[in-house]
Amino acid sequence: MRAIYLDNNATTRTDPEVVAAMLPFFTEQFGNASSTHTFGSEVAGAVREARRHVQNLLGAAHDHEVIFTSGGTESDNAALLSALENQPERNQIVTMAVEHPAVLSLVAYLRQSRGIEVTTVGVNENGELDIEAYRAALGPRTAVASVMWANNETGTIYPVELLAGYAHEAGALFHTDAVQAVGKIPIDLSSSAIDMLSLSGHKLHAPKGIGALYVRKGVKFKPLLRGGRQERGRRAGTENIPAIVGLGKAAEIAAVRIEEEQTKVRALRDRLEQGVLQQIGNCSVVGGNAERLPNTSNIAFDCLDSEAILHKLEQVGIAASSGSACASGSMEPSHVLRAMNVPATALQGAIRFSLSRDNTPEDIGRVLDVMPGIISKLQSMSPLWRDRHETKAATSGDGEYVFARS
Ligand SMILES: *Cc1c(COP(=O)(O)O)cnc(C)c1O
């Protein structure tokens, strides 16, 4: 039986077309882009083309607004550190409680080691940013506001254009971690107020270890890595040519297919979600009422343990996640769900299904075939569940609660 992969927000399969585009750059075209001979100039041309594909996917006005990096984490770090270094008179960062650790651990470190003031704005139970609190947090000391375009655990989409405008009113820069948005929803930076944007290759069917940072023309930038003059002096180190070519190819494919795939993936996600909700009681979609990415569904099963659900899914060849890959295994409930005030009984039982263009209707059919059995089995084994629901069912005579389903 083919394994079913529903963890595409953790990483995606590198597209075979992307792999094919990369291969020559390990063999015949192994040159260093900085060399003046033909080996170098051929490779430099391939980097230029890749940069144009990324520029096009972002709708960026100039190709030199795109800096290749090692991935989303580096882009996030480079953006925030540059904003601080360029504005020494401003020592505050405004960010959001449900950001990725690539932003949250960095700002925690900056607070501790450099005395940077960090204001972390909260979200409501739908995962939506408290915009009034965000506006109130911005001020003359704000160097940069950083709010992700879309959340990796819930898919919630944030109004980044609006938020960038508010940041500018306070004279601050605006950065967005768009790692989960790029390639999934249309992005157009041509007349945008966004100053900096992070993206990562492996979330859009390119390889791991490659990404980009968009820095709008006119925004001052201080590099994270110093050395050679690569990337116009903004990111030193010999370019990872095969990966850059791969990211370019992935961006080219995404730009062409984004609308069609959005529709296809959304239909599969909705079928999965509605199927689960209809067949299984006492579960709910986390952040289901907010604007969301088309590929993500985070479903919380009351009184159950997500690790147990994932284990049962694994046994029938289905891979999903209990939130961010970085947090799973630690048994700590997700900081995203906690910030959303998800009730304690649902917090431990949240499963994230994240789809991609590689998923088929058959995949979803199989998940819907096995989920009711898995969940009712675990419910029958959960003392917490029996406590909360069996007594309720017994006293109300409500036929909705059936435990002995095989
Ligand atoms: C995956 C991810 C990152 C980290 O990107 P890497 O390329 O793995 O370093 C950052 N932010 C978000 C929202 C992500 O989903």
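Residues numbered from 1 in each chain as written. Predicted model: local features only at pLDDT ≥ 70, side-chain atom pairs only at ≥ 80, totals over all residues. Heavy atoms only, no water.

Colleague: I tried to follow the overall build of the protein on my own but got confused; where do I start?
Modeller: Summing up its helical and strand segments, the protein has 13 helices and twelve strands in all. For the protein, the C-alpha radius of gyration of 23 Å lies close to 22 Å, the compact-globule estimate for 406 residues. Dimensions of the protein along its principal axes, counting C-alpha atoms only, are 80 × 50 × 35 Å. Each of the 406 residues in the protein was classed as buried or not, and the buried ones make up 56%. Summing over all exposed atoms, the protein offers an accessible surface of approximately 17,000 Å²; the carbon and sulfur share of this is 52%. If you average the places of the 39 positive and of the 46 negative side-chain charges in the protein, the two averages end up 4 Å apart. (Helix = DSSP H or I, 4+ residues; strand = E, 2+ residues; numbered from the N terminus. Rg over C-alpha atoms; globule rule 2.2 N^0.38 Å. Buried < 20%, exposed > 50% of the residue type's maximum accessible area, 1.4 Å probe, protein only. Areas by Shrake-Rupley, 256 points an atom, 1.4 Å probe, with all protein chains shown as cover. Lys, Arg positive; Asp, Glu negative; His and termini not counted. Charge placed at Lys NZ, Arg CZ, Asp CG, Glu CD.)

Colleague: Would you mind showing me how to read the domain arrangement of the protein here?
Modeller: Buried accessible area, meaning the area lost when the parts come together, often serves as the stated size of an interface. Once the domains are mapped, the protein shows domain 1 (4–8 + 258–391) and domain 2 (16–254). On a C-alpha basis, the centroid separation for the pair domain 1 and domain 2 is 29 Å. Both sides of the domain 1 and domain 2 interface together cover about 2,500 Å² of buried area, and 57% of this is carbon and sulfur. Counting across the domain 1 and domain 2 interface gives zero salt bridges. (Domains from an automatic or database assignment. Buried area = accessible area lost by both parts, 1.4 Å probe. Salt bridge = Lys/Arg side-chain N within 4 Å of Asp/Glu carboxyl O.)

Colleague: Which parts of the structure should I look at to understand helix H2 (residues 38–58)?
Modeller: The α-helix advances 3.6 residues per turn, and as a result positions three or four apart in sequence lie on the same side. For H2, which comprises 21 residues, the first-to-last C-alpha distance of 31 Å matches the rise-based estimate of 30 Å (1.5 Å per residue) to within 8%. Considered for burial, the residues of H2 that qualify are Gly40, Val43, Ala44, Ala46, Val47, Ala50, Arg51, His53, Val54, Gln55, Leu57 and Leu58. Elements that come into contact with the buried residues of H2 comprise strand S2 (66–69), strand S7 (196–200), strand S8 (211–215), helix H7 (230–233) and helix H8 (241–279). Of the residues one or two after H2, Gly59 is the one with positive phi, at around 65°. (Expected span 1.5 Å × (residues − 1). Contact = heavy atoms within 4.5 Å.)

Colleague: Looking at this model, I keep getting lost on the site of the ligand. Mind explaining?
Modeller: All residues adjacent to the ligand are Gly71, Gly72, Thr73, His100, Met148, Asn152, Asp177, Val179, Gln180, Ser200, His202 and Lys203. Between an oxygen atom of the ligand and a main-chain N or O atom of Gly72, the distance comes to 2.8 Å. Its free accessible area being 380 Å², the ligand has 87% of it covered by the protein chains. Here the shell around the ligand is composed, by residue class, of two nonpolar, eight polar and two charged. (Near = heavy atom within 4 Å. Polar contact = N/O pair within 3.5 Å; in protein donor to acceptor, adjacent residues only side chain to side chain. Nonpolar A, V, L, I, M, F, W, Y, C, P; charged D, E, K, R; others polar.)

Colleague: Help me out: how do you make sense of helix H3 (residues 72–86) in this one?
Modeller: Between the first and last C-alpha of H3 there are 21 Å, a value that for 15 residues agrees with the 21 Å anticipated at 1.5 Å per step. Burial within H3 is extensive, with 13 of its 15 residues counted as buried.

Colleague: Hey, could you run me through the pairing of strand S5 (residues 142–146) in this one?
Modeller: In the case of a regular strand, side chains alternate between the two sheet surfaces. Taken across its five residues, S5 has five buried, putting it largely inside the fold. Pairing of strand S3 (residues 92–96) with S5 involves three bridges; the strand directions are parallel. Bridge assignment links Gln92 to a residue of S5, and that residue is Thr142. In this fold, the crossover linking S5 to strand S6 (residues 173–177) by way of helix H6 (residues 160–169) has right-handed handedness. (Pairing = 2+ DSSP bridges. Right-handed = clockwise from strand over helix to strand, strands pointing away.)

Colleague: Just to check I follow, could you spell out the sheet that holds strand S10 (residues 296–301) for this structure?
Modeller: In sheet architecture, strand pairing relies on hydrogen bonds along the backbone and comes in two forms, parallel and antiparallel. The strand order across the open sheet built from three strands is S9-S10-S12, with neighbouring strands paired in antiparallel fashion. Of all strands in the sheet, those bounded by a partner on one side alone are strand S9 (283–285) and strand S12 (350–354). Strand-to-strand twist across the sheet, computed as the mean angle between neighbouring axes with direction ignored, equals 25°. With three bridges joining them, S9 and S10 adopt antiparallel strand pairing. If you follow Val285 over to S10, its bridge partner there is Ile299. (Axes fitted to C-alpha atoms, helices over the stretch in contact; angles between N-to-C directions.)

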